[in-house]
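Topology and contacts: notes
One letter stands for each residue in the lines below.
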Amino acid sequence: MQTIDLQAQVDSFPFWYHRIELPGGITTPGWAPLSPEAYRIPEDLTGKRVLDVGAWDGFWSFEALKRGASQVVAIDDFSDYLGLLENKDRHAWETFDLCRGAFGYSEEVCQRRELSVYNATEDELGRFDVVFFFGTLYHLRYPLLALDVLSSICDGEIFVETAILDDFSPYQGGLGNGYSGAQPVMEFYPNNEYGNNETNWWAPSVSCLGLMTIAAGFPDVSVWKLVDQPREIAHCRGFCHGKKAA
Ligand SMILES: C[S@@+](CC[C@H](N)C(=O)[O-])C[C@H]1O[C@@H](n2cnc3c(N)ncnc32)[C@H](O)[C@@H]1O
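Each value, and the rule that gives it
- Residues numbered from 1 in each chain as written.
- Predicted model: local features only at pLDDT ≥ 70, side-chain atom pairs only at ≥ 80, totals over all residues.
- Helix = DSSP H or I, 4+ residues; strand = E, 2+ residues; numbered from the N terminus.
- Rg over C-alpha atoms; globule rule 2.2 N^0.38 Å.
- Buried ≥ 20, exposed ≤ 12 C-beta atoms within 10 Å, placed from the backbone.
- Contact = placed C-beta atoms within 7 Å.
- Core = buried A, V, L, I, M, F, W, Y, C linked by C-beta atoms within 7 Å.
- Pairing = 2+ DSSP bridges.
- Axes fitted to C-alpha atoms, helices over the stretch in contact; angles between N-to-C directions.
- Right-handed = clockwise from strand over helix to strand, strands pointing away.

**Regarding the overall build of the protein chain**
Across its full length, the protein chain holds 6 helices and 13 strands. Rg of the C-alpha trace for the protein chain: 18 Å, near the compact-globule value of 18 Å for 246 residues, within the 12% margin. When its C-alpha atoms are laid out on the principal axes, the protein chain stretches across 55 × 40 × 30 Å. Looking at the protein chain as a whole, 40% of its 246 residues qualify as buried. Contacts in the protein chain between residues at least 24 apart in sequence constitute 61% of all its contacts with a sequence separation of at least 6.

This is how it looks when you write it as structure tokens:
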């Protein structure tokens, strides 16, 4: 694909969530991820089969392949509009497909399926060495069920990223007023209490996230925050790495 055509195609989409560096020096104009190194994804994923849940434009799917994964399966149900987008702003897999083509990954090696995480069964997708579960847990009505489902198809490790409550709670007074101890707390948002987005249902403290990941069958976990003392809500994010028993 010629650079000029690729740029025109990137520009033709009204919204990009991910900032993806494509060949030819072209970068998609999204803002996520804020800090890719904070996810602590291994540099070497050689030979791993990776599931990318809630893949959106596919930043992490392509990242897995760049790091040597043998195959990636991206799933998304396209239910998140960030509380502000309209239907016409989200083009399902079109942005993902544009990037996949630009990188030259085949449809076999870089698969994508319109599927909810709850339906990510072994019959549908097979088994995985590594699961990426980023920016999706707090959009779910049943977050622990989702972790259980993902655990049932994962033989190795899971990486989870989510909004967390440690430094922000809409019920405790907003930014700077969260659950800063190690309380395993989760808040429920029946409307748009979190970030004015009706698809945000729950947010855990980072300690709760770790304990949920253990409860789902990953006994060896570590958790960390994106920023120690965040000054904006977008920085109130946490991570968990969970491993299956050896
Ligand atoms: C905030 S975006 C995160 C995108 C990407 N994973 C990241 O972290 O950069 C959440 C994504 O999860 C998807 N999503 C929400 N609920 C889902 C579900 N039940 N099953 C699969 N994907 C879901 C949304 O459509 C959206 O693409």
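**Description of the nonpolar core**
Buried together is how nonpolar side chains tend to be arranged in soluble globular proteins. Ranked by internal contacts, the top residues of the largest apolar core, which has 60 residues, are V50, V131, F132, F133 and L150. When residues of this core are assigned to their parent elements, the largest contribution, 6 residues, is made by strand 6 (residues 128-134).

**Describing the environment of R141**
If you trace the backbone, R141 turns up in the loop between strand 6 and helix 5 (143-152). On the basis of neighbour count, R141 is assigned to the exposed category, with 11 C-beta atoms found within 10 Å. R141 sits 16 residues away from L125 along the chain, and the two C-alpha atoms are 22 Å apart.

**A word on the sheet that holds strand 5 (residues 110-114)**
Pairing is mixed across the open sheet formed by 7 strands, whose spatial order is 5-4-3-6-7-13-12. The open sheet is flanked by strand 5 and strand 12 (220-225), the only strands paired with a single partner. Pairwise comparison of adjacent strand axes, ignoring direction, gives a mean angle of 15° for this sheet. Across the sheet, helix 6 (residues 206-215) lies against strand 7 (154-163), strand 12 and strand 13 (237-243), angled at about 160° from strand 12, the strand it touches most.

**Overview of unusual backbone geometry**
A cis amide bond links A32 with the next residue in sequence, P33, at an omega value of -5°. Relative to the helices and strands, P33 is located in the loop between strand 2 (26-27) and strand 3 (49-53). With phi around 55°, R40 is a residue other than glycine that occupies positive phi space. You can see R40 is positioned in the loop between strand 2 and strand 3. Residue R40 is classed as exposed on the basis of its C-beta count, with 11 C-beta atoms lying within 10 Å. Of note, the phi angle at F78 is positive, near 55°, even though the residue is not glycine.

**Let's talk about the environment of A69**
Of note, A69 is situated in the loop between helix 2 (59-66) and strand 4 (71-76). Taking the C-alpha atoms as reference points, A69 and K48, separated by 21 residues in sequence, lie 4.7 Å from one another. Excluding residues that lie within four positions of it along the chain, A69 makes contacts with L45, K48, V50 and A64.

**Regarding the pairing of strand 13**
Burial analysis of strand 13 places 6 of its 7 residues in the buried class, which makes it a mostly covered element. Of the strand pairs in this sheet, strand 7 and strand 13 are connected by 7 bridges, and their pairing is antiparallel. Opposite T162, over in strand 13, you have G238 as the bridge partner.

**Some remarks on helix 3 (residues 94-103)**
For helix 3, every residue scored as buried is listed here: T95, F96, L98, C99, R100 and A102. Against the buried residues of helix 3 lie helix 1 (3-11), strand 1 (21-22), helix 2, strand 4 and strand 5. The positive-phi residue at the C-terminal boundary of helix 3 is G104, with phi of around 80°.

**What about the pairing of strand 3?**
Summarising burial for strand 3: 5 of the 5 residues are buried, a large majority. Side-chain alternation along strand 3 places R49, L51 and V53 on one buried face and V50 and D52 on a second face that is also buried. Here strand 3 pairs with strand 4 via 5 bridges, running parallel. Each bridged residue has a counterpart across the sheet, and for V50 the counterpart in strand 4 is V72. Note on the crossover from strand 3 through helix 2 to strand 4: the handedness is right-handed. The pairing of strand 3 with strand 6 spans 4 bridges and is classified as parallel.

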